[in-house]
Amino acid sequence: MGDTAVKICGLQDVEVLKSMVNLPVDYIGFVFAPSRRRVTPEQAALLSAQLKAWKTPEIPQSVGVFVNPELEELAAIVEEAQLDVVQLHGQESPQFCREVKERLGTRVFKVLSVQSLNENSEASINHELYAGVIDGLLLDTFDPVYGGGSGSTFAWEGIPAYRDWARNHGIPLFVAGGLLPSNVAELIDKYSPDGVDVSSGVESDGVKDIDKIAAFVGRVKQA
Ligand SMILES: O=C(O)c1ccccc1N[C@@H]1O[C@H](COP(=O)(O)O)[C@@H](O)[C@H]1O
């Protein structure tokens, strides 16, 4: 109970981050892909530095969100923004993921964008090709424009097959896409992901909302 990891994604404002320091958040995400939530490496460096002020229970890991980045560009951002984890939201190959780990020394979370909202949900890539390479598998709803951050759920019935595959390979399975303070407990109760990831669902008028963030984290840790 209460051990589901939580990632809050799309942080842009140092003041919001400061207001979160007492929350048991495991990962903080910064978006470097084209998005209204995009941050520059300089902004992310300032935000990452703020994580050291965290109070409980451990300092969150910093995660950079990318869609089909160039390796050299990625290397420069990882160094400047002091990222612990690279989240790859595009069609990055297993070989690319391996190169990121070997050359940049970060962990890699690979995203499967779920293409359809029916029971036969198909994912954008064959996850089995990433066995032994990646450090986490993340399911998110396919977004045709940005690749993620859609604010929409996918058919959760497809989760167990991916969760069991991830666990059989010793890595965590994260779920994103349209999560809210009001639906995340149901997701955890029914499908037991190792982690949950939210951006749109903890915003008001497109801006991160500390009350929604606190409510979301509370629901996750009580589920
Ligand atoms: O948040 C974005 O703008 C974004 C853009 C491009 C790729 C991924 C993006 N965010 C990721 O989307 C999910 C959160 O989705 P939701 O907004 O809660 O539905 C999460 O994995 C973010 O890292």
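Since this is a predicted model, take the numbers as computed values, not measurements.

Caption draft 1: Quick peek at unusual backbone geometry. With a phi close to 55 degrees, Gln-82 is a non-glycine residue in the positive phi region. Backbone geometry places Asp-205, a non-glycine residue, at a positive phi of 50 degrees. The residue Asp-205 is located in the loop between strand 9 (203-204) and strand 10 (207-208) in this model.

Caption draft 2: Just the nonpolar core, in detail. Counting residues in hydrophobic clusters, the biggest one holds 61 residues, and the most contacted among them are Ile-8, Phe-30 and Val-196. Not counting chain neighbours up to four residues away, the residues in contact with Ile-8 comprise Val-25, Ile-28, Gly-29, Val-198, Val-202 and Ile-213.

Caption draft 3: Region of the structure containing the environment of Lys-18. Relative to the assigned elements, Lys-18 resides in helix 1 (residues 14-19). Here the alpha-carbon distance between Lys-18 and Gly-105, two residues 87 residues apart in the chain, equals 28 Å.

Caption draft 4: Fine view of the sheet that holds strand 6 (residues 136-141). Around the barrel, which closes on itself, the eight strands sit in the order 1-2-3-4-5-6-7-8 with parallel pairing between neighbours. Geometrically, the sheet is characterised by an average inter-axis angle of 25 degrees between neighbouring strands, direction not taken into account. Pairing of strand 3 (residues 61-66) with strand 4 (residues 85-88) involves four bridges; the strand directions are parallel. Of the residues in strand 4, the one forming a bridge with Val-63 is Val-85. Across the sheet, helix 4 (residues 94-104) lies against strand 4 and strand 5 (107-114), angled at about 155 degrees from strand 5, the strand it touches most.

Cut-off values and rules
- Residues numbered from 1 in each chain as written.
- Predicted model: local features only at pLDDT ≥ 70, side-chain atom pairs only at ≥ 80, totals over all residues.
- Helix = DSSP H or I, 4+ residues; strand = E, 2+ residues; numbered from the N terminus.
- Core = buried A, V, L, I, M, F, W, Y, C linked by C-beta atoms within 7 Å.
- Buried ≥ 20, exposed ≤ 12 C-beta atoms within 10 Å, placed from the backbone.
- Contact = placed C-beta atoms within 7 Å.
- Pairing = 2+ DSSP bridges.
- Axes fitted to C-alpha atoms, helices over the stretch in contact; angles between N-to-C directions.

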